[in-house]
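One-letter residues, chain by chain:
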Amino acid sequence: MPSEKVLEEKKLAVSEIKAKLQNSVAGVIVDYKGISVADDTKLRKELREAGVEYTVVKNTLLRFAAKESGFDELVNVLEGTTALAVSNEDPVVAAKILNKYAEDSKGNFSLKAGYVEGKILDKAGVESLAKLPSKEQLLTQLLSVLNGNIRGLAVALNAIAEKKQGEEEVVA
């Protein structure tokens, strides 16, 4: 039977993981087995720069936190080595970075599952999420479309002004 101190530490760890799950817009669970220290350092740096928090977690602690957070469906994938990446702002960035890394690692690193705004995703769902454009890319596309419409309006107004000016010259 674990001591009272150990139990309190585990309860604290579960509550911290639960807070991460509940306060983030998206998260991805991965199996990091076979990753080298150099590759892990590079991956962590890329995730940190993108605003993603990446931590290795014990399956038991994550299992309790997932159940308490209403993410019961994540429990099924909690076997082997497990790391959790959570993003508090961009729902796509963690999936993009980790999916790219999983594709490049040739089987040593794999996606297990994930969630976006409370909805559970299986491995295929996380891979699909990774293929979506980022928030910045979507905003750029939207602004490009809006700018094109404004440009078209400006060209039409200019053509009308030139036509009226041409008619006034003919009359004069």
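Each chain has its residues counted from 1, running along the sequence as written. Side-chain atom pairs in this predicted model are given and counted only at pLDDT of 80 or more, local residue features only at pLDDT of at least 70, and totals for whole chains, interfaces and linings cover all residues. Side-chain descriptors were evaluated using all non-hydrogen atoms of the structure, hydrogens and water having been removed beforehand.

Visitor: Explain the environment of Val-155 here, please?
Guide: One can find Val-155 in helix 6 (residues 135-171). Expressed as a C-alpha distance, the spacing of Val-155 and Asp-90, which sit 65 residues apart in the sequence, is 37 Å. In this text, helices come from DSSP runs of H or I with a minimum length of four residues, and strands from runs of E with a minimum of two, each type numbered from the N-terminal end.

Visitor: Just checking my understanding: could you explain the packing of aromatic side chains for this structure?
Guide: Here the aromatic set is Phe, Tyr and Trp, taking the six-membered ring for Trp, and pairing holds for ring centres within 6.5 Å; pairs whose planes are under 30 degrees apart are stacked, those over 60 apart are edge-to-face, and all others are tilted. Evaluated as defined, the whole model comprises two aromatic pairs. Judged by centre distance (4.8 Å) and plane angle (85 degrees), the rings of Tyr-101 and Phe-109 are edge-to-face. Three exposure classes are used, based on accessible area relative to the maximum for each residue type with a 1.4 Å probe and protein chains only: buried under 20%, partly exposed in between, and exposed over 50%. A relative accessible area of 16% places Tyr-101 in the buried class.

Visitor: I keep staring at the layout of surface pockets and nothing clicks. Help me out?
Guide: Empty space among the atoms becomes visible once a probe the size of a water molecule is rolled across them. Taken as a whole, the largest pocket holds about 150 Å³ of empty space. Together, Asp-39, Lys-42, Leu-43, Glu-46, Ile-97, Lys-100, Tyr-101 and Asp-104 line the largest pocket. Breaking the lining of the largest pocket down by element, the ones donating at least two residues are helix 2 (37-49) and helix 4 (93-104). Gly counts as polar in this scheme, as do all residues outside two lists: the nonpolar Ala, Val, Leu, Ile, Met, Phe, Trp, Tyr, Cys and Pro, and the charged Asp, Glu, Lys and Arg. Classifying every residue of the lining of the largest pocket by side-chain character gives three nonpolar, no polar and five charged. Within this scheme a cavity is a closed region of a 1 Å grid, computed over the protein atoms alone, that accommodates a 1.4 Å probe without allowing it to escape, whereas a pocket is open but has protein on both sides within 12 Å along at least five of seven lines; lining residues each have an atom within 4 Å of a point. Grid points are joined across faces, edges and corners, and a volume is the space filled by probe spheres set on the points.

Visitor: Is there a simple way to think about the side chain of Lys-112 in this case?
Guide: Mapped onto the elements of the fold, Lys-112 is located in strand 4 (residues 110-116). Nearest to the buried, unbridged Lys-112 among oppositely charged side chains is Asp-31, at 5.1 Å. What qualifies as a polar contact is a pair of N or O atoms within 3.5 Å, subject to a donor-acceptor requirement within protein and to the restriction that residues adjacent in sequence count only when both atoms come from side chains. A polar contact of 3.3 Å, which involves the side chain of Lys-112, links it to the backbone oxygen of Val-77. In terms of polar contacts, Lys-112 uses its side chain to reach the backbone carbonyl oxygen of Glu-79, at 2.5 Å. Counted charges follow a simple rule, with Lys and Arg positive, Asp and Glu negative, and His plus the chain ends left uncounted. Put simply, a salt bridge is a Lys or Arg side-chain nitrogen that is within 4 Å of an Asp or Glu carboxyl oxygen.

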